[in-house]
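Now for the letters of each chain:
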Amino acid sequence: MASITERTAAPLPLPFEVEDVPEDEIKRYLDLGFEEYTQLVRTKPIPSYFRPAYARLASAFYHFEFRPDDIVVLTYPKSGTSWTSELVWALKNPGALHLAEEVPSSDRVFFIDMDMLRPTRAAEDNPVYRRFVAACPEGRVEDGVQLQLAAAHKGPRIIKTHLRFDLLRQDLLDTCKVVYTIRNPKDTCVSYFHHSSNNKWHAFKGEFAHFAEAFMGNGILYGSYWEHVRQAWQRKGHRNLHVMFYENMKADIHGELRNLANFLQLDRDDDQLKTVADHASFDSMRSRHERVNVNHGIRNFFRKGQVGDWKNAATGDLNERMDAWIRENSHGIDIPFRYD
Ligand code: PPS
């Protein structure tokens with residue numbers, strides 16, 4: 001198997017292009033309050049917006065080799081990625097849940113997008129970098145630390161990503177199991193707004209209304225919510241794809257876990273499912289996060305964890321505009337969204 005380093009040294013071709021976002025558009029984002037969007041790239045013809053490092057890594061992401069024993073958690077941002085991946089990890093490791101008290105989820109699940117979102121600093125005091133040097137002595141940081149750590153791992157791996165299906169290997173679903181979680185677009189937007197406003201990099205400083213405009217205009221990182229969920233929904237029914245809904249997980253975690261365990265072909269009894277559900281409950285994950293992920297850059301990452309919080313943010317005209325946007329975009333997509 002060729003290593004990621006070899007591949008990125010001579011990037012394999014892509015069926016899409018990556019271009020710089022023009023300056024006038026960047027200026028519009030800056031004016032809206034996206035203080036960190038000083039430089040962006042986007043894919044073409046189906047736009048998805050990314051940080052500049054994506055241009056260098058697009059080929060490594062697209063050609064990343066998945067393996068039959070991988071489980072991939074694939075989501076649009078803020079749709080319940082962390083919850084889903086913790087459930088998958090706990091279902092796979094019911095006898096080792098105590099490990100989560102010592103090892104942060106970022107070291108149990110490979111979040112490959114990090115190489116583009118927040119590339120690892122090559123510094124001796126950085127534990128991820130030290131792990132990288134030990135596991136990939138020939139590796140180059142600029143080729144993606146998470147990508148190479150994942151490639152070097154013997155498996156089985158749990159990999160999470162927000163990259164859309166068209167930006168990953170086209171044989172992904174024929175190779176391994178994929179869990180795709182959908183959250184209703186209004187709560188996703190509100191959660192994304194808080195995420196962007198509450199991080200130490202000050203990605204966004206502005207009102208929710210401005211954020212929502214950019215979200216509905218598809219101009220935020222990862223681009224269109226609709227394109228993302230549509231690509232997953234189109235693949236529904238594939239034997240290796242399991243679609244979950246955040247709202248259903250909130251309503252009946254036991255039933256959702258039973259379905260997930262069946263999909264993953266894991267034989268778990270009711271007591272085990274209950275233990276997994278408790279392990280990954282909002283309160284458990286939030287308090288563990290505060291104990292274990294002390295250097296996390298997002299304040300209040302486990303914020304509310306509710307269905308319907310959009311009602312506190314999207315009011316009046318803005319809510320009507322969001323409803324119209326949902327009507328326009330969900331036309332022809334029969335996704336059974338729940339908003340409360
Ligand atoms: S990210 O940054 O894209 O990976 O974020 P993601 O994990 O997809 O979504 C974060 C939101 O999910 C909520 N969350 C949970 N809700 C219920 N139960 C559990 N266990 C749980 N874990 C995370 C988290 O609070 C974010 O939603 P909001 O609405 O902002 O609270």
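Refer to the structure printed above.
## Structural notes on the sheet that holds strand β2 (residues 41-44)
Within a sheet, neighbouring strands are paired by backbone hydrogen bonds and run either parallel or antiparallel to one another.
Right, on to step 1. Overall, antiparallel pairing links the three strands, which are arranged β1-β2-β3 in an open sheet. Strands at the two margins of the open sheet, each flanked by one partner only, are β1 (17-20) and β3 (49-50).

## Some thoughts on the packing of helix α9 (residues 185-197) against helix α16 (residues 316-330)
Right, on to step 1. Direction vectors running N to C along α9 and α16 enclose 125°, while the axes themselves pass 11 Å from each other. It follows that α9 is oblique to α16 by the angle criterion. Every residue of α16 that contacts α9 at Pro 185, Lys 186 and Cys 189 is listed here: Asn 319, Met 322, Asp 323, Trp 325 and Ile 326.
Right, on to step 2. Per-class residue counts for the contact of α9 with α16 are five nonpolar, one polar and two charged.

## Brief notes about the nonpolar core
Right, on to step 1. Judged by nonpolar contacts, the single largest core of 75 residues is most densely connected at Tyr 54 and Ile 182.
Right, on to step 2. In contact with Tyr 54, not counting residues within four places along its chain, are Phe 16, Val 18, Val 41, Thr 43, Phe 61, Met 116, Leu 163 and Leu 167.
Right, on to step 3. Counting residues in hydrophobic clusters, the runner-up holds 28 residues, among them Ile 158, Val 179, Met 249 and Met 285.

## Things to note about the site of the ligand
Right, on to step 1. Around the ligand, a shell composed of 21 residues is seen, among which Thr 81, Ser 82, Ser 191, Tyr 246 and Lys 304 lie nearest.
Right, on to step 2. Contact distances for the ligand include 3.4 Å between a nitrogen atom and a backbone N or O atom of Phe 282.
Right, on to step 3. Within the side chain of Arg 303, a nitrogen or oxygen atom sits 2.8 Å from an oxygen atom of the ligand.
Right, on to step 4. Considering every element that reaches the shell around the ligand, the biggest residue donor is helix α4 (residues 81-92), with three residues.
Right, on to step 5. The residue makeup of the shell around the ligand, split by class, is eight nonpolar, nine polar and four charged.

## Overview of the environment of Arg 286
Right, on to step 1. Residue placement: Arg 286 occurs in helix α15 (residues 282-292).
Right, on to step 2. With near-sequence residues (within four places) excluded, Arg 286 lies in contact with Phe 302 and Arg 303.

## Description of the side chain of Lys 160
Right, on to step 1. Along the chain, Lys 160 falls in strand β6 (residues 158-161).
Right, on to step 2. Buried charged residue Lys 160 carries no salt bridge. Nearest counter-charge: Glu 86, at 8.1 Å.
Right, on to step 3. Not counting residues up to four positions away in its chain, the partners in contact with Lys 160 are Val 73, Thr 81, Ser 82, Ser 85, Val 109, Phe 110, Phe 111, Ile 112 and Asp 113.

Criteria and cut-off values
Residues numbered from 1 in each chain as written. Predicted model: local features only at pLDDT ≥ 70, side-chain atom pairs only at ≥ 80, totals over all residues. Heavy atoms only, no water. Pairing = 2+ DSSP bridges. Helix = DSSP H or I, 4+ residues; strand = E, 2+ residues; numbered from the N terminus. Axes fitted to C-alpha atoms, helices over the stretch in contact; angles between N-to-C directions. Parallel < 35°, antiparallel > 145°, perpendicular 65-115°, else oblique. Contact = heavy atoms within 4.5 Å. Nonpolar A, V, L, I, M, F, W, Y, C, P; charged D, E, K, R; others polar. Core = buried A, V, L, I, M, F, W, Y, C linked by side-chain atoms within 4.5 Å. Buried < 20%, exposed > 50% of the residue type's maximum accessible area, 1.4 Å probe, protein only. Near = heavy atom within 4 Å. Polar contact = N/O pair within 3.5 Å; in protein donor to acceptor, adjacent residues only side chain to side chain. Lys, Arg positive; Asp, Glu negative; His and termini not counted. Salt bridge = Lys/Arg side-chain N within 4 Å of Asp/Glu carboxyl O.

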